[in-house]
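Spelled out from the first residue to the last, the chains are:
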Amino acid sequence: MHTCRNCNQSFQTELALELHRDSCTKSQLCCHVCGERFAEGEATRDGWHYECPNDDCDGNGLQEDIFNVDDVLTATH
């Protein structure tokens, strides 16, 4: 079984999990450099290295410049 680390939904194949990541509403990320919001699949190819998908932005690194939207919204309230 393969489980989405954002919403805990389980899938029988890794491919199904990868397809789910592009539409998982819990996987929204936010770049603190440019402020853009995007899906996790747009920011990483391997699940370890993250870069802002905005061509004009140099933001990179999960928990450095790029954060989970839920974490940002929780911290600001």
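Residues numbered from 1 in each chain as written. Predicted model: local features only at pLDDT ≥ 70, side-chain atom pairs only at ≥ 80, totals over all residues. Heavy atoms only, no water.

Looking at the state of the cysteines
- With the rule as written, the count across this model stands at zero disulfides.
- Left unpaired, Cys 7 is separated from the closest cysteine sulfur, that of Cys 4, by 3.7 Å.
- Since its relative accessible area comes to 27%, Cys 7 is described here as partly exposed.
- Here Cys 52 is not disulfide-linked; the sulfur of Cys 34 is the nearest cysteine sulfur, at 3.7 Å. (Disulfide = S-S within 2.5 Å. Buried < 20%, exposed > 50% of the residue type's maximum accessible area, 1.4 Å probe, protein only.)

Looking at unusual backbone geometry
- For Asn 8, which is not glycine, the phi dihedral falls at a positive 65°.
- Among the structural elements, Asn 8 can be located in the loop between β1 (2–3) and β2 (10–11).
- The exposed category is assigned to Asn 8, whose relative accessible area is 58%.
- Unusually for a residue other than glycine, Gln 63 sits at a positive phi of about 70°.
- Within the secondary structure, Gln 63 sits in the loop between α2 (40–43) and β5 (66–68). (Helix = DSSP H or I, 4+ residues; strand = E, 2+ residues; numbered from the N terminus.)

Overview of the confidence of the model for the chain
- Considering every residue of the chain, the mean pLDDT works out to 84; 87% of them sit at 70 or more.
- When pLDDT is averaged over each helix and strand of the chain, the minimum, 63, is found for helix α3 (residues 69–76) and the maximum, 93, for β2. (pLDDT = per-residue confidence, 0-100.)

A few points about the side chain of Thr 44
- Examined against the element boundaries, Thr 44 turns out to sit in the loop between α2 and β5.
- Overall, Thr 44 belongs to the buried group, its relative accessible area being 13%.
- From its side chain, Thr 44 meets the backbone nitrogen of Asp 46 in a polar contact 3.3 Å long.
- Within polar-contact distance, the side chain of Thr 44 engages the backbone nitrogen of Gly 47 at 2.8 Å.
- Setting aside chain neighbours within four positions, we find Thr 44 in contact with His 49 and Tyr 50. (Polar contact = N/O pair within 3.5 Å; in protein donor to acceptor, adjacent residues only side chain to side chain. Contact = heavy atoms within 4.5 Å.)

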